[in-house]
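# Understanding the architecture of this molecule
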Amino acid sequence: MTKTRLCIALLAPLLLALAPASAGAQAYPTRPVKLIMPYAPGGIIDFVGRKLAQYMAEELGQPVVAENRPGAGGMLGTDTVARSEPDGYTLLIMDPAIVINPSLQASVPYDLKQLTTVSIVTTSPEVLVVAPQLPVKTFDEFVSYGKANPGKLNFGSAGNGTTPHLAGELFKLRTGVDAIHVPYRGIGQAFPDLMTNKIQFAFSSIPGALSFTQDNQVRALATTGLKRSNVYPDVPTVDEAGLKGFTIDLWLGVFAPAGIPPAVLAKLNATINEKVLKNADFKTAVAKFGIEPHGTSLDDGAATLKSEFDLWKKVIVDAKIKGS
């Protein structure tokens, strides 16, 4: 047997083994893909999730169905995906609560090892909003009011363990304001109570708050980014308003069940990063709500999840925050 024929004979089994995976990735998807959004309608995940699904469907050639699955601060929807078949047909879009809950809650139904990061798709600040009945117009006035009324302020969030919850707890820790946490099944459900002064403040995603601040139904006092939001150019950052170092990034990531075929994972990562996030219409749509497309490699996405887990675990321990 010649050397050429020997090489072909040795490589043949390997090529045959790789062929099905390659063919599977090229064929994927052959049916609709489900994108689970683990909060109620009205917040940033609902907005970005639906936009992402729309443009992913155009690129993948199959419907991508965005489905709200709220409950337990995002844990129910996250657990649904963690336990799903790892075939690329059930995905999750989630915020930092995915790494907050394992450190905060006594019991979490999912394990982070059950999930793979496809890409960190967007970054965005939160906005501090207050009830219009409060006699405050600035961040400093609000802090002073809170200190003068200990235990009389209630703050809403999208649920226990969500980023708005932790933002409120960190605000309490840094300012000394005593306030009571009131969780909702999504930040959108908190606004009727905020407008009527049943709760007095909340840290919200910008998409969740924008319509209410535009109509002056609630008052925006500060945002949590390193720079002012293009949506609220006249609203200072918390850092700018005097609480130095108080910055919170409400990033969103797309996740898949662990064990997803590598070729399918790579196709999803490339489709999102190179097609969807660079689509001019997508970029314009999210920019209206102060959201910036991001996109990470598979390794960088995993590293981001690890660093965010460490960051929020330290906040939870230092602030002695308890879950539900």
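These remarks concern the structure in this document. Residue numbers run consecutively from 1 along every chain, following the written order of its sequence. It should be noted that, the model being predicted, local features are given only for residues of pLDDT at least 70 and side-chain atom pairs only at 80 or more, the latter also being counted only at that level, while totals for whole chains, interfaces and linings use all residues. The side-chain numbers reported here are obtained from all heavy atoms of the structure, hydrogens and water having been left aside.

## Thoughts on the environment of P102
For helices the rule is a DSSP run of H or I covering at least 4 residues; for strands it is a run of E covering at least 2, with both sets numbered from the N terminus onward. Within the secondary structure, P102 sits in helix α4 (residues 97-104). Distance in space between the C-alpha atoms of P102 and K314 is 12 Å, their sequence separation being 212 residues.

## Section: helix α6 (residues 163-175)
Between its first and last C-alpha, α6 extends 18 Å over 13 residues, near the 18 Å set by a 1.5 Å rise per residue. Throughout this description, buried means an accessible area under 20% of the type-specific maximum (1.4 Å probe, protein chains only), exposed means over 50%, and partly exposed covers the range between. Of all 13 residues making up α6, 10 are buried, and the element is well covered by its neighbours. Turning to α6, its buried residues are T163, P164, H165, L166, A167, G168, E169, L170, F171 and T175. Backbone geometry just after α6 places G176 at a positive phi near 80 degrees. The span you would expect from a helix comes to 1.5 Å times its residue count less one.

## Things to note about the side chain of E308
Relative to the helices and strands, E308 resides in helix α11 (residues 298-319). Residue contacts are defined here by distance: any two heavy atoms, one from each residue, within 4.5 Å place the two residues in contact. Apart from the residues within four sequence positions on either side, E308 is in contact with P96, V99 and W251.

## A word on helix α9 (residues 262-276)
End to end, α9 covers 20 Å across 15 residues, agreeing with the expected 21 Å (1.5 Å per residue, within 8%). Along α9, the residues that are buried comprise V264, L265, L268, N269, T271, I272, N273 and V276.

## As for the pattern of salt bridges
Should the charged atoms of two oppositely charged side chains come close, the side chains can pair. Any carboxyl oxygen of Asp or Glu within 4 Å of a side-chain nitrogen of Lys or Arg constitutes a salt bridge here. In this structure the tally under the stated criterion is 12 salt bridges. Between E67 and R69 there is a salt bridge, with its nearest N and O atoms 2.4 Å apart. Between K244 and D239 there is a salt bridge, and its shortest N-O distance comes to 3.9 Å. Overall, K244 belongs to the exposed group, its relative accessible area being 54%.

## Re the sheet that holds strand β5 (residues 126-130)
Taken in spatial order, the 5 strands make up an open sheet running β7-β6-β8-β5-β9, and their pairing is mixed. Of all the strands in the sheet, just β7 (179-183) and β9 (219-223) have a single pairing partner and so form its edges. Each strand axis lies, on average, 30 degrees off the axis of its neighbour in the sheet, ignoring direction. By definition, two strands form a pair when at least two bridges between them are found by DSSP. Between the N-to-C directions of two axes lies an angle of 0 to 180 degrees, each axis being a line fitted to C-alpha atoms and, for a helix, fitted only over the stretch in contact.

## Observations concerning the nonpolar core
Nonpolar cores are built from buried Ala, Val, Leu, Ile, Met, Phe, Trp, Tyr and Cys residues. Side-chain atoms within 4.5 Å join them into one set. One finds I98, F142 and F201 to be the most contacted residues of the largest nonpolar core, which totals 102 residues. Of the residues forming this core, the biggest block, 10 residues, is contributed by helix α2 (residues 44-60). Among all residues touching F142, those that are not within four sequence positions of it are L128, V130, L134, V136, L153, F171, F201 and L221.

## What to know about unusual backbone geometry
Y28 connects to P29 through a cis peptide bond whose omega is -5 degrees. Following the sequence through the fold, P29 ends up in the loop between α1 (3-27) and β1 (33-37). The residue N216 is not glycine, and still its phi comes out positive at about 60 degrees. Tracing the backbone shows N216 in the loop between α8 (206-214) and β9.

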